[in-house]
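# Observations on chain architecture
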Amino acid sequence: MSEIKYTWILNTFRSLPYLKLAIESIRDNAYYKNQPIIVYTENDTETRDWLSQQPDIETIYEENTIPKGIGGGVNEAVKRVKTEFFNLIHSDFYISRHYDKPLYDIVSNNEKPILAGA
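Scope of this entry: the structure provided in the associated data block. It should be emphasised that the depicted structure is a prediction, and the values quoted were computed from it without experimental measurement. (Residues numbered from 1 in each chain as written. Predicted model: local features only at pLDDT ≥ 70, side-chain atom pairs only at ≥ 80, totals over all residues. Heavy atoms only, no water.)

## Notes on the overall build of the protein chain
When helices and strands are tallied, the protein chain shows four helices and four strands. Secondary structure of the protein chain in N-to-C order comes out as β-α-β-α-β-α-β-α. Computed over the C-alpha atoms, the radius of gyration of the protein chain is 14 Å, within 12% of the 13 Å expected from 2.2 N^0.38 for a compact globule of 118 residues. The C-alpha extent of the protein chain, read off along each of the three principal axes, is 45 × 30 × 25 Å. Split into buried and exposed, the 118 residues of the protein chain put 44% on the buried side. Considering only intrachain contacts with a sequence separation of at least 6, the fraction spanning at least 24 residues in the protein chain is 65%. (Helix = DSSP H or I, 4+ residues; strand = E, 2+ residues; numbered from the N terminus. Rg over C-alpha atoms; globule rule 2.2 N^0.38 Å. Buried < 20%, exposed > 50% of the residue type's maximum accessible area, 1.4 Å probe, protein only. Contact = heavy atoms within 4.5 Å.)

Spelled out as structure tokens, the structure:
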């Protein structure tokens, strides 16, 4: 297992087919394998049920009368990050081979706080 360098964060709402592809792309294409994954979802029991069967994913699930949406969900996920860095992607993203390596290299080799994105 590789050293833990960062955490993947995804926020999703009723897009399970896309979320499955995003998770698959992380598992298959990430340069740094076995990094923590946190997924936030609300008011979506189908996604919650699928995530409960994924032992490598930390799931945050809420039932809300007033949805938190993308920003609120990301905020909830960020609160649980235990690594120095996180990699935020949308649940309908599919990452290419080694997508994470240049991003991690940029932020980890910079002395000043930096926001990097691809």
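Now, onward.
## Section: the packing of aromatic side chains
In this structure the tally under the stated criterion is seven aromatic pairs. Measuring from centroid to centroid gives 6.3 Å for Tyr6 and Tyr32, while their planes differ by 80 degrees, and the two rings are edge-to-face. In this pair, Tyr6 is assigned in strand β1 (residues 6–12) and Tyr32 in the loop between α1 (16–29) and β2 (37–42), connecting sequence segments 26 residues apart. There is no split in this pair, since Tyr6 and Tyr32 are both buried. On the numbers, 6.3 Å between centres and 40 degrees between planes, the contact of Tyr6 with Tyr104 is tilted. Taken together, the positions of Tyr6 in strand β1 and Tyr104 in helix α4 (residues 100–108) put the pair 98 residues apart, joining distant regions of the chain. Across this residue pair, the class does not change: Tyr6 and Tyr104 are buried. Over the face of the ring belonging to Tyr61 we find Arg48, whose NZ or CZ atom lies 5.0 Å from the ring centre. When the ring centre of Tyr31 is taken as origin, the NZ or CZ atom of Lys101, which lies over that ring, is 5.1 Å away. (Phe/Tyr/Trp six-rings, centres within 6.5 Å; stacked < 30°, edge-to-face > 60°. Lys NZ or Arg CZ within 6 Å of the ring centre and 35° of its normal.)

## Examining the environment of Ile70
As for its placement among the helices and strands, Ile70 is situated in helix α3 (residues 69–78). Owing to a relative accessible area of 55%, Ile70 belongs among the exposed residues under this scheme.

## Some details on the nonpolar core
Counting 22 residues, the largest nonpolar core has Trp8, Leu10, Leu19, Ile23, Ile37 and Val39 as its most contacted members. Sorting elements by how many residues they give to this core places α1 first, with five residues. When near neighbours in sequence (up to four residues on either side) are disregarded, Ile37 contacts Trp8, Leu10, Ile23, Ile26, Asp56, Ile57 and Glu58. (Core = buried A, V, L, I, M, F, W, Y, C linked by side-chain atoms within 4.5 Å.)

Coordinates in, geometry out; function isn't part of it.
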